Every structure is written in structure tokens, then in C-alpha cells.
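# A look at the structure
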Amino acid sequence: MEFQTPAQQAVYEKVAPLMKELFGEMASPRDDRPTFGVRFGSAWVQTWVSAWGDDDATITTRSWLTTGTELTADLGRFLLNANGEMRFGAFGIDSEGDSFFEHTILGSTVTKQELRASILAVASTADQYDDEIVSRFGGVRMADRSS
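Now for a quick tour of the structure.

Parameters and conventions
Residues numbered from 1 in each chain as written. Predicted model: local features only at pLDDT ≥ 70, side-chain atom pairs only at ≥ 80, totals over all residues. Heavy atoms only, no water. Core = buried A, V, L, I, M, F, W, Y, C linked by side-chain atoms within 4.5 Å. Buried < 20%, exposed > 50% of the residue type's maximum accessible area, 1.4 Å probe, protein only. Helix = DSSP H or I, 4+ residues; strand = E, 2+ residues; numbered from the N terminus. Contact = heavy atoms within 4.5 Å. Pairing = 2+ DSSP bridges. Phe/Tyr/Trp six-rings, centres within 6.5 Å; stacked < 30°, edge-to-face > 60°.

All right, on to the nonpolar core then. If you look at the biggest cluster of nonpolar residues, it comprises 33 residues, and the most contacted ones within it are V15, M19, I59, F91, L115 and I133. Broken down by element, this core gets its largest block of residues, eight residues, from helix α3 (residues 112-137). Sequence-distant contacts of L115, defined by excluding residues within four places in its chain, comprise V15, L18, M19, L22, I59, I105 and V110.

Here it is, written out as C-alpha cells:
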């Protein structure tokens, strides 16, 4: 695996054992990039470490919620209103038109408790909202899409 900076590598090496300690065998590291995946209910959560300048890195946890949901003004308003109620993270739409929820924290100072809180906040939000988005706006939960 290649890292963009030594800081990114250091944060990944700090996060890897924490992921194992927190989620055991459920945490699946990727071999080709500094990313881990964990399944929670209907949510598949990915956590990755990204370089942030030369001296630090960020830890982003994202869960894709739905695919094939029509991008309407009502959906946008729903997601923006929900963002205003979130303690951790925010909803978004990716370049493919798929909805997601994510949260990012600073890597150099991350603690086990902070990492756990970030991942569980994303997972529980995703597990709740994927069903609601599909029932209100259509599409398919990412957990139900055919590969």
C-alpha cells in the first residue's frame, strides 16, 4: 500500500489496531488503500485515512445509503433539513447520484473513543435513513442492490 505522506501512514498505523480492537473480525482492511470496511445492520461503512497537507491526515467514515433514488428538490430539502439535526456528519450525493452519510475527524489526535463514536454515528444514521429515503423517495438501499 502506498501513502501520500508519512503523516498519512502514521495515522493509518495508529487506526489499524484500533479498528481491530473495536470491531474485531468485522473490520476488513483493504490491501490496496488505507481503508477499512465494517457491516452494521443494513449499512456497509467504510473508514479511510487521507493525507491532509504534509503534517496530518483525516479519518473519514462514509456509508452509501441508496442508489437509483430520483434527485428531486424534495429529496434535497429532506437531506439538508436532516443535516441541520445531525450531531456528527452530513448527508450528501456522490457523482453517481447515490446518497451517503459521512463524518470526518482529525487523524493525529484521534482516540479510540472518538474513532468509535464517529463510526457508530455513521453506521446508526445510515441504518436508519436508508430505509426512510427509499420509502419516501424511491430507489434501492445499497445493501439490497444487485452486484
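So that's the structure; there's more coming.
Relative to strand β3 (residues 43-52), strand β2 (residues 35-40) runs antiparallel, the two sharing six bridges. Looking across to β3, one finds that F40 is bridged to A43. Hairpin connection from β2 to β3: two residues lie between these consecutive antiparallel strands, with G41 at a positive phi of about 55 degrees. Direction of pairing for β3 relative to strand β4 (residues 56-67): antiparallel, over a ladder of eight bridges. Paired with T47 across the bridge in β4 is T61. Hairpin connection between β3 and β4: a loop of three residues separates the two successive antiparallel strands, and G53 in this loop has a positive phi of roughly 70 degrees.

When we look at a pair of aromatic rings, we describe it by the centre distance and by the angle of the planes. This structure, assessed with the given rule, holds seven aromatic pairs. Considering the side-chain rings of Y12 and F36, the 5.3 Å spacing of their centres and the 15 degrees angle between planes classify their relative orientation as stacked. Separated by 24 residues along the polypeptide, Y12 in helix α1 (residues 6-23) and F36 in strand β2 bring together distant segments of the chain. We classify Y12 as buried; its relative accessible area is 11%. In this structure an aromatic cluster arises from ring pairing among F78, F91, F101, Y129 and F137.

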